[in-house]
Structures are given as structure tokens and as C-alpha cells.
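Now for the letters of each chain:
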Amino acid sequence: MDLTYTEEEEAFRAGLRAWLSRALPQLPPKPDPLDWPGRRAYDTAWQRMLYDAGYAGLHWPEVAGGRGATPTQHLIYLEETEKAGAPYVGANFVGLLHAGPTIAAEGTPGQRARWLPPVLRGDEIWCQGFSEPDAGSDLAALRTRAVRDGDDYVVTGSKIWTSHAEVADWCELLVRTDPDVPKHRGITWLALPMDAPGITVRPLRTLAGSAEFAEVFLDEVRVPVANRVGAENDGWRVTMVTLSFERGTAFVGEVVACRRTLAALAKTAKANGSWDDSAVRRQLGLLNAEFTALWRLTQWNVSEAQRGGGVPGVGGSVFKLRYSHARQELFDTAARVLGPDALDLDRDLTLDRLSSLSYTIAAGTSQIQRNIVAERILGLPKGR
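What counts, and where the lines are drawn
- Residues numbered from 1 in each chain as written.
- Predicted model: local features only at pLDDT ≥ 70, side-chain atom pairs only at ≥ 80, totals over all residues.
- Heavy atoms only, no water.
- Helix = DSSP H or I, 4+ residues; strand = E, 2+ residues; numbered from the N terminus.
- Buried < 20%, exposed > 50% of the residue type's maximum accessible area, 1.4 Å probe, protein only.
- Contact = heavy atoms within 4.5 Å.
- Areas by Shrake-Rupley, 256 points an atom, 1.4 Å probe, with all protein chains shown as cover.
- Salt bridge = Lys/Arg side-chain N within 4 Å of Asp/Glu carboxyl O.
- Expected span 1.5 Å × (residues − 1).
- Bend = angle between axes of the 7 residues up to and from the residue.
- Polar contact = N/O pair within 3.5 Å; in protein donor to acceptor, adjacent residues only side chain to side chain.
- Phe/Tyr/Trp six-rings, centres within 6.5 Å; stacked < 30°, edge-to-face > 60°.
- Lys NZ or Arg CZ within 6 Å of the ring centre and 35° of its normal.
- Axes fitted to C-alpha atoms, helices over the stretch in contact; angles between N-to-C directions.
- Parallel < 35°, antiparallel > 145°, perpendicular 65-115°, else oblique.
- Left-handed = near helix turned anticlockwise from the far one by under 90°.
- Nonpolar A, V, L, I, M, F, W, Y, C, P; charged D, E, K, R; others polar.

J.: Kindly report on the overall build of the protein chain, identifying the contributing residues and their values.
T.: Of regular secondary structure, the protein chain possesses eleven helices and eight strands. Residue burial in the protein chain is summarised as follows: out of 384 residues, 50% are buried. Partitioning the contacts of the protein chain with sequence separation of at least 6, the portion at a separation of at least 24 is 72%. Within the structure as shown, the protein chain displays about 17900 Å² of accessible surface, and the carbon and sulfur contribution to it stands at 53%.

J.: Quick rundown of the pattern of salt bridges? Include the residues and the values.
T.: The full count for this structure, using the stated rule, is 20 salt bridges. Between Arg13 and Glu80 there is a salt bridge, with the nearest N and O atoms lying 2.6 Å from each other. You can see Arg13 sitting in helix H1 (residues 7-23) and its partner Glu80 sitting in helix H3 (residues 71-83), a full 67 residues away along the chain. Shared partners join several salt bridges into a network, and the residues in it are Glu10, Arg13, Arg17, Glu79, Glu80 and Lys83.

J.: Which residues make up helix H5 (residues 109-121), and what values go with them?
T.: For H5, spanning 13 residues, the distance from its first C-alpha to its last is 18 Å, which sits close to the expected 18 Å at 1.5 Å a residue. At Trp115, H5 shows its largest bend, some 30°, and a proline, Pro117, comes one to four positions later. Taken as a whole, H5 has its buried residues at Gln111, Arg112, Trp115, Leu116, Pro118, Val119 and Leu120. Summarising the contacts, the buried residues of H5 are in contact with helix H2 (36-53), helix H4 (93-106), strand E1 (126-129), strand E4 (170-176), strand E5 (187-193) and strand E8 (228-229). With its phi angle positive at about 85°, Gly122 sits one or two positions after the end of H5.

J.: Can you lay out the environment of Leu284 for me, pointing to particular residues and giving the numbers?
T.: Along the chain, the position of Leu284 falls in helix H8 (residues 278-307). Residue Leu284 is classed as buried on the basis of its relative accessible area of 6%. Expressed as a C-alpha distance, the spacing of Leu284 and Ala266, which sit 18 residues apart in the sequence, is 7.2 Å. Excluding residues within four positions of it along the chain, Leu284 makes contact with Leu262, Leu265, Ala266, Ala269, Trp275 and Thr333.

J.: Can you lay out the side chain of Glu172 for me, pointing to particular residues and giving the numbers?
T.: For Glu172, the location among the structural elements is in strand E4. At 2.9 Å, the side chain of Glu172 forms a polar contact with the side chain of Gln128.

J.: So, unusual backbone geometry: which residues are in play, and what are the values?
T.: Positive phi, close to 60°, is recorded for Trp161, a residue that is not glycine. Positive phi is not limited to glycine here, since Glu220 has a value of about 55°. Within the secondary structure, Glu220 is located in strand E7 (residues 213-224).

J.: Describe the environment of Thr188, with residues and values.
T.: When you line up the elements, Thr188 lands in strand E5. Under the relative-accessibility criterion, Thr188 is labelled buried at 0%. Those residues in contact with Thr188 that lie beyond four places of it in its chain are Leu173, Leu174, Val175, Thr177, Arg228, Glu232, Asn233 and Gly235. At a separation of 2.6 Å, a polar atom in the side chain of Thr188 contacts the side chain of Thr177. A distance of 2.9 Å separates a polar atom in the side chain of Thr188 from the backbone nitrogen of Asn233.

J.: Can you explain the packing of aromatic side chains? Please cite residues and give values.
T.: Per the stated rule, a full pass over the model turns up eight aromatic pairs. Measuring from centroid to centroid gives 6.3 Å for Phe12 and Tyr55, while their planes differ by 65°, and the two rings are edge-to-face. Taken together, the positions of Phe12 in helix H1 and Tyr55 in the loop between H2 and H3 put the pair 43 residues apart, joining distant regions of the chain. A relative accessible area of 9% places Tyr55 in the buried class. Their ring planes at 75° and their centres at 5.5 Å tell us that Trp115 and Trp170 sit as a pair that is edge-to-face. With Trp115 in helix H5 and Trp170 in strand E4, this pair connects stretches of sequence that are 55 residues apart. A relative accessible area of 4% places Trp115 in the buried class. For Trp170, a relative accessible area of 11% translates into the label buried. Clustering of aromatic rings is evident, with ring pairs tying together Phe12, Trp19, Trp46, Tyr55 and Tyr77. One cation-aromatic arrangement involves Lys270 over Trp275; the distance from NZ or CZ to the ring centre is 4.9 Å.

J.: Explain the packing of H1 against H2 to me, and be specific about the residues and the numbers.
T.: Running from amino to carboxyl end, H1 crosses H2 at an angle of 135°, the nearest separation of the two axes being 12 Å. Compared by their axis directions, H1 and H2 come out oblique. H1 and H2 meet at a crossing whose hand is right-handed. Across the interface between the two elements, Trp19, Leu20 and Ala23 from H1 touch Trp46, Met49, Leu50 and Ala53 from H2. Split into classes, the residues belonging to the contact of H1 with H2 amount to seven nonpolar, no polar and no charged.

In C-alpha cells:
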């Protein structure tokens, strides 16, 4: 593991910082958090700025329209944009972080040419249709059926926790194409156009009052076979590529943000007197060690990805498992430091605390991550 940066990487960092200092003052005011059409417009406008400056799809291969940057350069990009307070990918995160890299790795030349440039320019938004109401944390237990009919698949079923479905143009959709084989072997990955007849989207309101998730109902929706990424019934393997990106570098910016939050909490604790509580000081110290270790783990994962051709490995599950719990502990500590002010829903910290409750479920539950670590990293036998 090499935790140092080369001269070339530091030059990349300096150039990025200079561009951010010029670009960020040009941004319009942020829209209301509940205005998803407005947020889509804001997020895609930022994406266009990144595209014009050559920072869109930074780590994507050049053949896919990216810059071909190394995983380490991508890590620097995520670190510096978060430090500068630049917009997160927002409504475009599925396209940029999940579907896009998967299509770049697994799609045909025609599929890459059709779907990747609009993602990079911010012209099209993707959502993720993986989870289902009756499957729980067992993704392979999905029941949404796709029956081949000539040049189309006819899809019937439902999805839940579909991020940004109400403003998406496309959906990375998992369907069951063979119900008679073991469940992991009968799954197919499709690109679903969200304007196809037979699709109903029902937004879900979260504990924090936002509606970035939705239920999606599919009633005999026709999806061209040409929209299949990978072979029929090979969707589980393709999905593992998607999830490796989701659990690889997707949370890097959030680790940087948590470290900034932790520093701000220490200042608040000193200002309001809670620093005098030795238990608070001890917990802040433990969290500082946690997030420092998580940052080092991120660098290790990036080093592994750099040696493995750019695709994150299963080490992302170790990171995701610990990060989910550390984030919850951070905002529980924030509530202790803030006292009654922690109940103020106008505070970002309060909303972040509510949001943190979902992290042990989103992107693969902690129970699933433990199974992956046990079986695929430690080589332990599968449970019965």
C-alpha cells in the first residue's frame, strides 16, 4: 500500500483547486431540498460545468468518454470537491457512480456510445431498480419477471427505494428471466426507459421529510432486448460490478464531510461547555480515530483498485460496514453535544442524523456486508 502522492498527482490536485476556485462562485443559489425538478436542474447544470472543464467521468476509461484518471486521482477529486463545498452529484449519482461505470465495464460499444455521453453531460438521469418489497436484504430473491417476446422483454413486478425515480430518464433494472434455476443464476440487467408505457412511480417520504426514493410499479412494460447489459441470466455477475462501485469510492466525499463535521463539533463542544464532560471528549477522540482509519482504508481500497484495473474489490464491503455505523455514532454524539438544539429540524446536523439511520440498510445492509466479509474475504463457510 502506497499512501503518498506523486508529483503528477499533486499537480492534478493543484489544477483542480484552481478550477474550483473559479467555478464555484458562478453557481446559482441552491434550490429547496424538496424541489426535485429544481434539484435536477441544479445538479445537471453543475455536471455540465464539470463536463466542459474535463472533470466529468474523471475515472471512466477514455473509450467510455472519461478522462482515464487513476483511482488515486479520482480519490483526490472527491476529496478536493468536498473540501471546497462543491455540489455532490445529487440526482445524477446512479448514472455517474453505478450505472455508468457498469455500462463502461460491461456494455457493448453501441451501448456505451448511447448511454454514457448523456450521463457525462448531465443530459440524462438514472435511477436504480434493485430492491423489492418482498425480497428484504436478499437482493437475489427478487421476483420482478421479464419474459422474452421477440425483440422485447415484457416486465411485470415492482421495485422499492428507487432513488430519484420521479426525475429519472433511465433505470438500471434487475429482473428475473429464468425462475427455474438457482436464484442467483436467473437474473438479467436491463436499462429501462422511464417513459415506457406501464410504469407507475409513487414517491416515498423519508423520516427527514424528503422524497428522494420511490416505489416503481411495472405492468407489462416492454424493454428492448438491445437494452440488456451482459448476457441473459448473467445479471448477478453484472450486478456485482455495480455494487463494487457503489461500495468502493461512492462514500469518499462523505468521509471527508464527516471529518469536517467532527472538527466543527469539537469547536461547538468547547463553546457550549460540553467539552468539560470527559465522556464527550473521549467519544470525539474515538470518532477522530475512526474516520482517520476509514480514510486510510479508502486509500488502501484505491491502491487495490489501481492494481486491479480500476474496479473496486470486496474491500469496499469492509469500508461500507464500518462507515455506516461510524456515521451513526458521529451524529449521536452531535446530538449529545448540541443538547436540545439537536431537535431543530432546520439544522443540517439534525437532518444528517435522521439520514444516518438509513446507512446500515442502504447500499447493502450491514448483515449482508458481514456475510460478504466472512465468506469472500475471510474464507469462512456459508451459514446454514
